[in-house]
Amino acid sequence: MDPTDLTKEQLKEIIEDFANAAERAKRCGFDSLVVHRAHGQLPGCFLSKVINRRTDEYSADTIENASRFTKELLAAIRKKIGNTMAIEYRINASDMVEGSPSLDDEIAFAREIEDKIDLLHVSRGLHAMQNLAPYMNQPLHYPHGINLEDAAKMKEKLQIRIPVIPLFNHDEENIRKTAEFCKELGDAVTMIQLLPYHNLGVMKYLRISDKPVAEATPPSEEYMQKLKGIMEEYGLNVSIH
């Protein structure tokens, strides 16, 4: 959505809609939510001078102005949900379009909002550009982890949290490849946190979906310790949470 021609009253209505949606998620029992500003979603458009042509306090001329809408949005959400839910914020490290915000711009933006969120999710690309689709949803033949280096730059000291999920990424080969990649990031990675899959959310899932639950068994403590040892072989600081 182009923010250029939206009135201030419309911006307030959109913020209220976001906040009300967050409150409904809270009532449904969710533990976290995602505010999506990557890929051309409205909150991210305020930072782009290619898209945002406003001349008021929501312009793209300064980081303060470009982040104003997002700050007001996050404040409204937090007022509705308190500290009962985590807020994940999805951001673009690069729109991959000429004239769009630089990585330094995105880093400055992230610093403006870091005290208002719990998790920063780094992505890239715009939905409006069809050729960029593979960078937003990588097919198997595309390199994976393409945003980790930018994430490391956005957070000078990076803690990487890896959910260990049976039937998805829990095998030893995957863990070794992940460790190799993290090792290449050097001093940017201070800690690897392995998060074992659990079934605590199954009942909540069943209340909101009619699809069957995947048949996955939580990994044993012994197996988690084995994966921890594999990653430590690469000189990484690893813990299990």
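What you see is a predicted model, and the numbers here were worked out from it, not measured in a lab.

Enquirer: Help me understand the overall build of the chain, please; the structure alone is not making it clear to me.
Expert: The secondary structure content of the chain amounts to 10 helices and six strands. Seen through its C-alpha atoms, the chain measures out along the principal axes to roughly 60 × 40 × 35 Å. Here the chain, with 241 residues, has 38% of them falling under the buried criterion. The contacts in the chain between residues at least 6 apart in sequence include a share of 74% that link residues at least 24 apart. For the chain, the accessible area works out to roughly 14000 Å², and carbon and sulfur atoms hold 51% of it. On the chain, the mean spot of the 30 positive side-chain charges and the mean spot of the 38 negative ones are 4 Å from each other.

Enquirer: Help me understand the pattern of salt bridges in this model?
Expert: Side chains carrying opposite charge are able to pair once their charged atoms draw close together. Under the criterion given, the structure shown has 13 salt bridges. Ionic pairing is found between Lys 71 and Glu 112, a salt bridge with its closest N-O pair at 2.5 Å. Of the two residues, Lys 71 sits in helix α4 (residues 68-81) while Glu 112 sits in helix α5 (residues 103-113), which places them 41 residues apart along the sequence. Using a relative accessible area of 28% as the deciding quantity, one classes Glu 112 as partly exposed. We note a salt bridge from Glu 233 to Arg 176, for which the minimum N-O separation is 3.2 Å.

Enquirer: Explain the sheet that holds strand β3 (residues 119-124) to me, please; I cannot follow it from the model alone.
Expert: Read from one edge of the open sheet, three strands run β1-β2-β3, paired in parallel fashion. Two strands bound the open sheet, and with one partner strand each, they are β1 (32-36) and β3. Sheet twist, expressed as the average angle between the axes of neighbouring strands with direction ignored, equals 30°. Pairing geometry for β1 and strand β2 (residues 86-94), over five bridges, is parallel. Each residue of the ladder has a partner; that of Val 35, found in β2, is Tyr 89. Contacts from α5 reach β2 and β3 within the one sheet, and its direction differs from that of β2 by about 165°.

Enquirer: So what exactly am I meant to see when it comes to the packing of α4 against α5 here?
Expert: Packed helix pairs are characterised by how far apart their axes lie and by the angle those axes make with each other. Interaxial distance between α4 and α5 falls to 10 Å at its minimum, and their mutual angle equals 30°. It follows that α4 is roughly parallel to α5 by the angle criterion. Crossing geometry of α4 relative to α5 is assigned as right-handed. In contact with Thr 70, Lys 71 and Leu 74 of α4, α5 contributes Phe 109, Glu 112 and Ile 113. In terms of residue class, the contact of α4 with α5 is built from three nonpolar, one polar and two charged.

Enquirer: Please explain a negative patch on the surface as it appears in this structure.
Expert: Taken together, Glu 9, Glu 13, Glu 16 and Asp 17 make up a surface patch of like negative charges. For Asp 17, the position within the fold is in helix α1 (residues 8-27).

Enquirer: How do you make sense of the nonpolar core when you look at a structure like this?
Expert: Soluble globular proteins tend to pack their nonpolar side chains together in the buried interior. In this structure, Leu 33, Val 35, Phe 69, Ile 77, Ile 87, Tyr 89 and Met 154 are the most contacted members of the largest nonpolar core, which totals 32 residues. Every element with two or more residues in this core is listed here: α1, β1, α4, β2, α5 and α7 (148-154). Not counting residues within four places of it along the chain, the set of residues in contact with Ile 87 comprises Leu 33, Val 35, Leu 74, Ile 77, Arg 78, Ile 81, Lys 116, Ile 117, Asp 118 and Leu 119. Counting 17 residues, the second largest nonpolar core, distinct from the first, contains Cys 182, Leu 185, Leu 227 and Tyr 234.

The rules behind these values
- Residues numbered from 1 in each chain as written.
- Predicted model: local features only at pLDDT ≥ 70, side-chain atom pairs only at ≥ 80, totals over all residues.
- Heavy atoms only, no water.
- Helix = DSSP H or I, 4+ residues; strand = E, 2+ residues; numbered from the N terminus.
- Buried < 20%, exposed > 50% of the residue type's maximum accessible area, 1.4 Å probe, protein only.
- Contact = heavy atoms within 4.5 Å.
- Areas by Shrake-Rupley, 256 points an atom, 1.4 Å probe, with all protein chains shown as cover.
- Lys, Arg positive; Asp, Glu negative; His and termini not counted.
- Charge placed at Lys NZ, Arg CZ, Asp CG, Glu CD.
- Salt bridge = Lys/Arg side-chain N within 4 Å of Asp/Glu carboxyl O.
- Pairing = 2+ DSSP bridges.
- Axes fitted to C-alpha atoms, helices over the stretch in contact; angles between N-to-C directions.
- Parallel < 35°, antiparallel > 145°, perpendicular 65-115°, else oblique.
- Left-handed = near helix turned anticlockwise from the far one by under 90°.
- Nonpolar A, V, L, I, M, F, W, Y, C, P; charged D, E, K, R; others polar.
- Patch = residues over 30% accessible without salt bridge, like charges linked within 9 Å, V, L, I, M, F, W, Y side chains within 5 Å.
- Core = buried A, V, L, I, M, F, W, Y, C linked by side-chain atoms within 4.5 Å.

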